[in-house]
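Chain and residue survey
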Amino acid sequence: MESKPLFPQLRALLHGADYNPEQWRHRPDILEEDLRLMRLAKCNVMAIGMFSWSILEPREGVFQMEWLDDTMERLHRSGIFTILGTPSGARPAWLAKKYPEVLRVRPERVRNLFGMRHNHCYTSPVYREKVGIVNTMLAERYGKHPGLLLWHISNEYGGECHCELCQTAFRLWLRRKYDGDLQRLNEAWYTTFWSHTYSDWEEIESPSPIGEFKLHGLQLDWNRFVTYQSIDFMKSEIEPFKRLAPEIPVTTNFMGDCNIDYARMAEHIDIVSWDSYPQWHERCPDWQTACSTAFHHDKFRLLKPGQPFLLMESTPSVTNWQEVAKLKRPGMHLLSSVQAIAHGSDSVQYFQWRKSRGSSEKLHGAVVDHSGREETRVFREVAATGNCLEQLERIAGTTVPAAVALIYDKENGWAVEGADGPRKPNLSYAREVQRHYEPFWKRGIPVDVVPMDRPLDGYKLVVAPMLYMLKRGTAERLEAFVRSGGALVLTYWSGIVDDNDLCFLGGFPGPLRSLAGVWAEELDSLYPEDRNFIVMKEKDGWKSAEATYSVSLMCDLVHAETAEVLAEYGDDFYRGYPALTVNRVGDGKVYYLAARTEQAFLDDWYGKLADDTALERALRADWPEGVSAGMRTDGVRDYIFVLNFTAREQRIAIREVVRELDGREVGASLVLPPYGFRPLMREGGNNGREVDRSV
């Protein structure tokens, strides 16, 4: 667990923004002022070039790089490193006009006009060639520049193309996957249903609302192909940099949600980064938004286990494309930035540095407003964040220790949402996984959010909500984890289909049936206004005998085979059926939760499981709703962040010895201001001494 900063030449936390000097080439006074303001805000990095293709290559084969030379030199002289982006996310008009094949085709088989971002075909040989020319020039020209920190490949990969080039590539991908055996494909897709059997590979087309879109195997394989082809395009973008400047790492910025399986894409980059735009101060409490944001931080952190990630984009104020452009309340910017650090980020970066004068994001938040002044509230808060990150630089390279693995799998999500039942429009897979994450976040228990095919060694507890699809090897890996002493939580709607989206025969939850010790015979779907409830039995020290909790939407009707019943349904014809069971396997336990419960049950139940499995909290303390704690460690010292996501002052009662970062011991309690936080330190790698304190 030794601390390993991402960048040897900058052993600090990154602070910077997307910078677009090409928009201000006619204003050298503004470019000069930018440098002064960057130093004032304690920025040490700027990301440039992501959408600069029409400036870099205004006409085919005519390149203008001098402005980029000047920008990198000026930044470097000011002590600011450069993250240099590739421009493939938005092509110039001349390219689209001369080579219309580079434009995407929609599922309805209509080709897009020129415009927007990511309106390119990732299969097009022309587009790949033109991107390769630009990227090769960037690698040759700047690969040895002393101010270059990181290559930023494209921007927010996403979307799909249905052109003939992509159709051909899809068929070739299918041929490879099914070893050229069309009968295997027909069996995997179950094409005998509705007489959709294919007799020739050329008959296969991508899903379309004007054609075939009900073959679940087709839809699932198309989603996999889109991920594969996006990665293949990205790898072609990366090739010149790895060939000409291999010592410079590469990243690409992920989004909170996307049609691409990022776990697969992350295998081909050096550093994971993502763009975080939560909607603070909306109708729900801020702490709920904070919990959801923390979930995404932990999800992206685990795409490269054992190393920090980068927060590549966030807004220092408003986000213009959200329904309501709500201002961040005083303190919220710094608090949300520190939250990213607490969950494993080694950077806080913004879109954007200076507000543009025109186009679609001219009203998006920025460090420097249209006024251009440093006296603004937003600039002062950004400068305060820069100061804070300087004080936290010792944290760079440290990691987040977690004994809990929460399985969130993109392919499983595709299958769940495309299942055509038992509820429509969907089963809210992502939201349900986050509901199981929330009890741990409230307690300050670190969590790793992982795909289902990741190793489970070292965890005490694995939680797998709605594991509808079981990829090959998953059941065996889960059983080995349990037999070695781990605790596993399974829920309703698990073990239904294989990785071809074909239902298991012999009873659900399929290959997990003997592990869970239950047979799931039927699944009852409830209307949103309907409710049932479960009654806890006086077993195994649960909260109390006869405690009841509301359940809704999904109720699995299960029979206990080898499992012990911990709770039963309280209503409807399945009153008395098991609703929560535990099965002992080897040295471990498997819990099966048969219904979608109210949050209060998950809070109470996971609190009990946390005690049973001796899960360590980031801080042994008592705090009210809306406060959480995160932790990073270098194996010698733990760095603890106590975060208050409420507009009220909050008092925390501490039950162990912790210190301020300057070494002073913290007393029995600390007070956090509204939207405030406190960084603390503990010696001994999460082995702090618990003390008896009363407040």
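Above this text you will find the structure in question.
Definitions and cut-offs
- Residues numbered from 1 in each chain as written.
- Predicted model: local features only at pLDDT ≥ 70, side-chain atom pairs only at ≥ 80, totals over all residues.
- Heavy atoms only, no water.
- Helix = DSSP H or I, 4+ residues; strand = E, 2+ residues; numbered from the N terminus.
- Rg over C-alpha atoms; globule rule 2.2 N^0.38 Å.
- Buried < 20%, exposed > 50% of the residue type's maximum accessible area, 1.4 Å probe, protein only.
- Contact = heavy atoms within 4.5 Å.
- Lys, Arg positive; Asp, Glu negative; His and termini not counted.
- Charge placed at Lys NZ, Arg CZ, Asp CG, Glu CD.
- Salt bridge = Lys/Arg side-chain N within 4 Å of Asp/Glu carboxyl O.
- Polar contact = N/O pair within 3.5 Å; in protein donor to acceptor, adjacent residues only side chain to side chain.
- Pairing = 2+ DSSP bridges.
- Axes fitted to C-alpha atoms, helices over the stretch in contact; angles between N-to-C directions.
- Disulfide = S-S within 2.5 Å.
- Right-handed = clockwise from strand over helix to strand, strands pointing away.
- Expected span 1.5 Å × (residues − 1).
- Phe/Tyr/Trp six-rings, centres within 6.5 Å; stacked < 30°, edge-to-face > 60°.
- Lys NZ or Arg CZ within 6 Å of the ring centre and 35° of its normal.
- Core = buried A, V, L, I, M, F, W, Y, C linked by side-chain atoms within 4.5 Å.

**Observations concerning the overall build of the protein chain**
- Within the protein chain, the secondary structure is distributed over 17 helices and 25 strands.
- Taking 2.2 N^0.38 as the reference for a compact globule, 695 residues should give roughly 26 Å; the C-alpha atoms of the protein chain span a radius of gyration of 26 Å, in line with that estimate.
- Each of the three principal axes of the protein chain carries a C-alpha extent, and together these read 75 × 75 × 45 Å.
- Evaluated residue by residue, the protein chain yields a buried proportion of 61% over its 695 residues.
- Counting contacts in the protein chain only where the partners sit at least 6 residues apart, residues at least 24 apart contribute 73% of the total.
- The protein chain carries 84 positive and 98 negative side-chain charges, and their two centres are separated by 5 Å.

**Thoughts on the side chain of Arg-104**
- When you line up the elements, Arg-104 lands in the loop between α4 (93-98) and α5 (125-142).
- Among buried charged residues, Arg-104 stands out as having no salt bridge; its nearest opposite-charge side chain is Glu-160, 8.3 Å away.
- With residues near it in sequence (within four places) discarded, Arg-104 still touches Val-110, Arg-111, Asn-112, His-118, Asn-119, His-120, Cys-121, Tyr-122, Gly-158, Gly-159, Glu-160 and Cys-161.

**Some words on the side chain of Thr-398**
- Secondary-structure assignment places Thr-398 in the loop between α12 (377-391) and β9 (404-407).
- Looking at Thr-398, the relative accessible area reads 1%, which means it is buried.
- Only 2.6 Å separates the side chain of Thr-398 from the backbone oxygen of Ile-395, close enough to count as a polar contact.

**Here we look at the sheet that holds strand β1 (residues 14-18)**
- Sheet architecture is open: eight strands sit in the order β7-β6-β5-β4-β3-β2-β1-β8, paired in parallel fashion. Only two strands of the sheet have a single partner each, and these edge strands are β7 (310-313) and β8 (347-350). Mean inter-strand twist for the sheet, computed between neighbouring axes without regard to direction, equals 30°.
- Relative to strand β4 (residues 148-152), strand β3 (residues 81-85) runs parallel, the two sharing four bridges. Its bridge partner being in β4, Ile-83 is matched across the sheet by Leu-150.

**A short note on the pattern of salt bridges**
- Summed over the entire model, instances satisfying the criterion amount to 50 salt bridges.
- When the shortest N-O distance is used, the salt bridge between Glu-390 and Lys-42 registers 3.3 Å. In this pair, Glu-390 sits in helix α12 while Lys-42 sits in the loop between α1 (28-40) and β2 (45-48), placing the two residues 348 residues apart along the sequence.
- For Glu-390, a relative accessible area of 44% gives the class partly exposed.
- Ionic pairing is found between Arg-678 and Glu-660, a salt bridge with its closest N-O pair at 2.8 Å. In this pair, Arg-678 is assigned in strand β25 (residues 677-683) and Glu-660 in the loop between β23 (650-654) and β24 (669-672), connecting sequence segments 18 residues apart.
- Among the charged side chains, a network of salt bridges with common partners joins Lys-177, Asp-221, Arg-224, Asp-409, Glu-411 and Lys-471.

**What to know about the pairing of strand β5 (residues 250-255)**
- Most of β5 sits out of view: five of its six residues are buried.
- Relative to β5, β4 is paired through two bridges, and the arrangement is parallel. Residue His-152 lies in a different strand from β5, and its bridge partner there is Thr-251.
- Relative to strand β6 (residues 271-275), β5 runs parallel, the two sharing five bridges. Looking at β6, one finds that Asn-253 is bridged to Ser-273.

**A closer look at the state of the cysteines**
- All told, the structure shown has zero disulfides when counted by the stated rule.
- The cysteine Cys-291 is free of any disulfide, with Cys-284 supplying the nearest cysteine sulfur at 10 Å.

**Brief notes about the pairing of strand β12 (residues 487-491)**
- With five of its five residues buried, β12 lies for the most part within the structure.
- Burial along β12 is two-sided: Ala-487, Val-489 and Thr-491 and Leu-488 and Leu-490, pointing in opposite directions, are all buried.
- In terms of strand pairing, strand β11 (residues 461-464) meets β12 through four bridges, oriented parallel. Bridge pairing links Val-463 to Val-489 in β12.
- Running through helix α15 (residues 474-483), the crossover from β11 to the neighbouring parallel element β12 is right-handed.

**Some thoughts on helix α6 (residues 164-177)**
- Spanning 14 residues, α6 covers 20 Å between terminal C-alpha atoms, matching the ideal 20 Å at 1.5 Å per step.
- The set of residues buried in α6 consists of Cys-166, Gln-167, Ala-169, Phe-170, Arg-171, Trp-173 and Leu-174.
- In this fold, the buried residues of α6 make contact with α7 (182-189) and α8 (216-244).
- Looking one or two residues beyond α6, the residue adopting positive phi is Asp-179, at roughly 55°.

**Quick notes on the packing of aromatic side chains**
- In the structure shown here, the tally under the stated rule is 30 aromatic pairs.
- A ring pair is formed by Trp-189 and Tyr-198, whose centres lie 6.0 Å apart and whose planes are at 80°; its orientation type is edge-to-face. Considered together, Trp-189 and Tyr-198 belong to a single accessibility category, that of buried residues.
- It is Arg-354 that lies over the ring of Trp-24; its NZ or CZ is 5.8 Å from the centre.
- Between Arg-617 and the ring centre of Trp-623, over which it is positioned, the NZ or CZ distance is 4.5 Å.

**Structural notes on the nonpolar core**
- Residues Trp-151, Trp-189, Phe-254 and Trp-353 are the most contacted members of the largest nonpolar core, which totals 203 residues.
- With 10 residues, α8 is the single largest residue contributor to this core.
- With 16 residues, the next largest nonpolar core counts Ala-621, Val-627, Ala-629 and Leu-680 among its residues.

**So, the sheet that holds β25**
- Here three strands make up an open sheet; going across it, the order is β21-β22-β25 and the pairing antiparallel. Two strands bound the open sheet, and with one partner strand each, they are β21 (627-633) and β25. For this sheet, the mean angle separating the axes of adjacent strands, direction not counted, is 20°.
- Bridge count between strand β22 (residues 637-644) and β25: seven bridges; the pairing is antiparallel. Note that in β25 the partner of Ile-640 across the bridge is Leu-680.
- Together, β21, β22 and β25 form the strand contacts of helix α11 (residues 332-342), whose direction differs from that of β22 by roughly 145°.

So far we have only geometry, and geometry alone does not tell us how the molecule works.
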